[in-house]
Amino acid sequence: MSTKSVDHSEGVVARAAPEKPTLRRPRRNYARWRALCLSLVYVVFAAHIVHWKLTGQTLAPLELNEVMYTLELGIITAGFLFMGFLVLGSLVFGRFFCSWACHIMVLQDLCAWLLRKLGIRQKPLRSRLLLLVPPLTAAYMFLWPQVLRAWHNRAFPTFHWASDREGWASLVTQNFWRNLPGPVIILLTFLVCGFAIVYLLGSRTFCTYICPYGAIFGLADRFAPGRIRVNDQCQQCGTCTAACTCGVRVHEEVHQHGMIVNPACLKDLDCVGACPQNALHYLFGRPALFRSFRSGGRFGRLPYDFSLLEDLWIGAVFLVVLLSFRSLYSRIPFLLSLGLGGIIGYLAVVVVRLFTRSDVVLATLHLKQVGRLTLPGRAFFVFAVLLVALVGHSGWVRYHEFLGLKQTRVIQARPDAPDADIRAAQAQAHLTTADRWGLIHNPNVERCLLALSARSLNLADVETYARRLLDRFPNEVAIRVQLGQCLLKQDRLSEAEPYLREAVARAGGQSHEAAGVLVEAHQALAGLALQRGDFAAAAEELRAVLTLDSKHAAAYAQLGGALAELGRLDEAVASLSQAVRIDPDLAGAQYNLGAIFGHLGRFAEAIPCYERALTLTPDDADLHNNLGFALLQTGELELAQKHLERAVTLKPGSADAHFNLGNLFTARWQTDRATQHYHIAAALDPRYARLLGNVSNEPPTSGP
């Protein structure tokens, strides 16, 4: 309105010049462009998956949590590079990624839009304690493992590139789904973190209370020169604050600081587009740093929606839910469990309010009015009871899962530890409880129970868990091999063979990672052939093992035995010699090599083989007998007597040892002692009775 002023110098009344009218400029609709960008995120997702399906390999998933794998293993991943790019971008431009390219933001904004269409405009709830979740979660994910590494004096990894051959590819992979949950869990995560949390806690509360990456981007945003700034046309109308879906008090911040300083600003530019004076612009200048603390923090000077006691109650319930659901059944991912913790923590406060207040509202539902429960209130109470039961049951199952899996990892790291058997029993008890009472089967629990059953040689349980796993994971050749081996140990040869041959067929078309499984499969097939007496087939399977692993000492030893049975003694000697060169402590290989040398009459070469085997198995009666016989043939009678007498001490029923002693005493002209041992040998084995009867009192000059 114009005002009048009096000019006493001239004695006349003059009108002030009229104010320049403020022009309402057309609003810029950034929301449409942002909606298009966010929609393209899912188009890119789909293209990524289609490319993988068509070509068999593609760019590794751009999962931000792969930063943890990089920090732990030193493998530079695509997710790590993507995270680094986003942090650098946030340091310069601010938090644009969160509102323009985050897939969770798509769901949050979609839910908020649907609620507005239904006439529901839910304001974000303000909690002082839940604000601590994102920074603490980020510290737990990325900093705490490094603190533990330094505490335990473990070396930090060397950063390097890797391919699928190393088990975790950096850029291009055939295992695109390596770090992603299944479709059901993805859908549940979207529903909880994208829709439920918006309806119950308000718009973009996942970003505020849950997202650990948002905490990192928010910290980087404080140093970004790119910010939303104000010019002198601002009239403090508050339209910008009303348009902000992040809950930032825009008009207050720009009035106090000349720019938005709150790191919760996601740069979606809704406030810029809504300003009727066109006073807000995205410009470069000085960064905000930590000025937001002077404006009252995340929510400015607005009061919190929960009392301190209610916030503490939310925090306690949040922690219980997080521990109960995180990795439950090896399916619930970290972010989903965080989202559940925030939602159920709020619902726990609502339950308390039902007992302490006369009027209670949950989002848009009136649960209690004038001290009386409404129909939705009764339904909510029943739901709350069921939810408490679910959380309690889940926590109990997760407790047993956690302890059992932890004990199993310790056993696998130190299988020969003195307390390994005790730990194995404890682990099996915990895991069996979790498996029996869980609502669904946990594949990691089943794998550990399979390993523990194999350790304790409980073949029935090995078969049970292997079959269960194969029903759901038919392509896992390692489990198929383990089941085949289990059936072999039960002499169920006809059942074992199809599993082993199928394992070989499936593994043959897979990557190098299957090489170890192929070795086990061919070994098991060789064992099956040996049980059938098919030494030629066994030799073929063992050669396949050696093609995959040329340093496999046990395979050389088994091949030597099979070749010996086929009468190919020179090849058998070569194979057994290679086995003991690789591993001199293979007692069986040393024994067989000595036996073949003895059969060939090469006793001087047989003796050191037997002697080496004796250092490994000093109480083997047959070994003492064979060594004694070889020494007898080389004329070392005194030493031969020592070993032969040791053989009959260890195994009094050994007819061979008694017969060889008879020969030894004959050679030493001790006829009475020789006759005594010949008679014992004849009594123990009819072969010697016939042999001694044929030669009457003339004993043969050599024994078996």
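Residues numbered from 1 in each chain as written. Predicted model: local features only at pLDDT ≥ 70, side-chain atom pairs only at ≥ 80, totals over all residues. Heavy atoms only, no water.

Peer 1: What is the right way to read the overall build of the chain from this model?
Peer 2: Each helix and strand in the chain was counted, giving 31 helices and nine strands. Computed over C-alpha atoms, the radius of gyration of the chain comes to 39 Å, more than 25% over the 27 Å expected from 2.2 N^0.38 for 704 residues, which places it beyond the range of a compact globule. With respect to the three principal axes, the spread of C-alpha positions in the chain is 165 × 55 × 45 Å. Within the chain, buried positions represent 45% of all 704 residues. In the chain, 65% of the contacts between residues at least 6 apart in sequence involve partners at least 24 apart. With an accessible surface of roughly 36100 Å², the chain has 62% of that area assigned to carbon and sulfur atoms. With 69 positive and 56 negative side-chain charges, the chain shows a separation of 18 Å between the mean positions of the two kinds. (Helix = DSSP H or I, 4+ residues; strand = E, 2+ residues; numbered from the N terminus. Rg over C-alpha atoms; globule rule 2.2 N^0.38 Å. Buried < 20%, exposed > 50% of the residue type's maximum accessible area, 1.4 Å probe, protein only. Contact = heavy atoms within 4.5 Å. Areas by Shrake-Rupley, 256 points an atom, 1.4 Å probe, with all protein chains shown as cover. Lys, Arg positive; Asp, Glu negative; His and termini not counted. Charge placed at Lys NZ, Arg CZ, Asp CG, Glu CD.)

Peer 1: I would appreciate a short explanation of the packing of aromatic side chains in the present structure.
Peer 2: For any pair of aromatic rings, the description consists of the separation of the ring centres together with the inter-plane angle of the planes. The full count for this structure, using the stated rule, is 24 aromatic pairs. Judged by centre distance (4.4 Å) and plane angle (20 degrees), the ring pair of F659 and Y688 falls under stacked. You can see F659 sitting in helix α29 (residues 655-667) and its partner Y688 sitting in helix α31 (residues 686-694), a full 29 residues away along the chain. For the pair formed by F659 and Y688, the shared burial category is buried. An aromatic cluster is present here, built from F93, F96, Y282 and F284 joined pairwise through their rings. Over the ring of F334 we find R326; its NZ or CZ atom is 4.4 Å from the centre of that ring. Of note, R687 hangs over the ring of Y688, and the distance from its end group to the ring centre comes to 4.9 Å. (Phe/Tyr/Trp six-rings, centres within 6.5 Å; stacked < 30°, edge-to-face > 60°. Lys NZ or Arg CZ within 6 Å of the ring centre and 35° of its normal.)

Peer 1: How should I be thinking about the layout of surface pockets in this particular structure?
Peer 2: With a probe scaled to a water molecule rolled over the atoms, the places where space remains empty come into view. In this structure, the second largest pocket spans a volume of roughly 1200 Å³. Around the second largest pocket, the lining is made up of 46 residues, and of these R116, R121, A243, T245 and D270 lie nearest the centre. If you list the elements that add at least two residues to the lining of the second largest pocket, you get α1 (30-55), α5 (103-117), α8 (205-209), α10 (239-243) and α12 (270-274). Looking at the lining of the second largest pocket residue by residue, the classes come out as 22 nonpolar, eleven polar and 13 charged. (1 Å grid on protein atoms, 1.4 Å probe; cavity = no way out; pocket = protein on both sides within 12 Å on 5 of 7 lines; lining within 4 Å. Points joined across faces, edges and corners; volume = space filled by probe spheres on them. Nonpolar A, V, L, I, M, F, W, Y, C, P; charged D, E, K, R; others polar.)

Peer 1: Looking at this model, I keep getting lost on the packing of helix α13 (residues 308-325) against helix α14 (residues 334-356). Mind explaining?
Peer 2: The axes of two packed helices give the description: the angle between them and the distance between them. At their nearest, the axes of α13 and α14 sit 7 Å apart, and the two run at 140 degrees to each other. Classified by the angle between their axes, α13 and α14 sit oblique to one another. Handedness of the α13/α14 crossing: right-handed. Partitioned by chemical class, the residues of the contact of α13 with α14 number 15 nonpolar, four polar and two charged. (Axes fitted to C-alpha atoms, helices over the stretch in contact; angles between N-to-C directions. Parallel < 35°, antiparallel > 145°, perpendicular 65-115°, else oblique. Left-handed = near helix turned anticlockwise from the far one by under 90°.)

Peer 1: Would you explain the nonpolar core in this entry?
Peer 2: Among soluble globular proteins, nonpolar side chains are generally buried collectively. In terms of nonpolar packing, the biggest core is built from 86 residues, with V250, L280 and Y346 touching the most fellow members. In terms of residue count, α14 provides more of this core than any other element does, twelve residues in total. With near-sequence residues (within four places) excluded, V250 lies in contact with C240, T241, C244, I260, C271 and L280. (Core = buried A, V, L, I, M, F, W, Y, C linked by side-chain atoms within 4.5 Å.)

Peer 1: Any chance you could explain a nonpolar patch on the surface here in plain terms?
Peer 2: A contiguous nonpolar patch, built from L88, L91, V92, F93, L219, F223, F284, L289, F290 and F293 and spanning about 950 Å² of accessible area, is present on the exposed surface. Note that F290 resides in the loop between β6 (280-284) and α13. (Patch = residues over 30% accessible without salt bridge, like charges linked within 9 Å, V, L, I, M, F, W, Y side chains within 5 Å. Salt bridge = Lys/Arg side-chain N within 4 Å of Asp/Glu carboxyl O.)

Peer 1: I would appreciate a short explanation of the environment of L73 in the present structure.
Peer 2: Here L73 lies in helix α2 (residues 66-73). Put simply, L73 and L691 are 618 residues apart on the chain and 70 Å apart in space, counted from C-alpha to C-alpha. Those residues within four positions of L73 in sequence are excluded, and the remaining contacts are P157 and H160.

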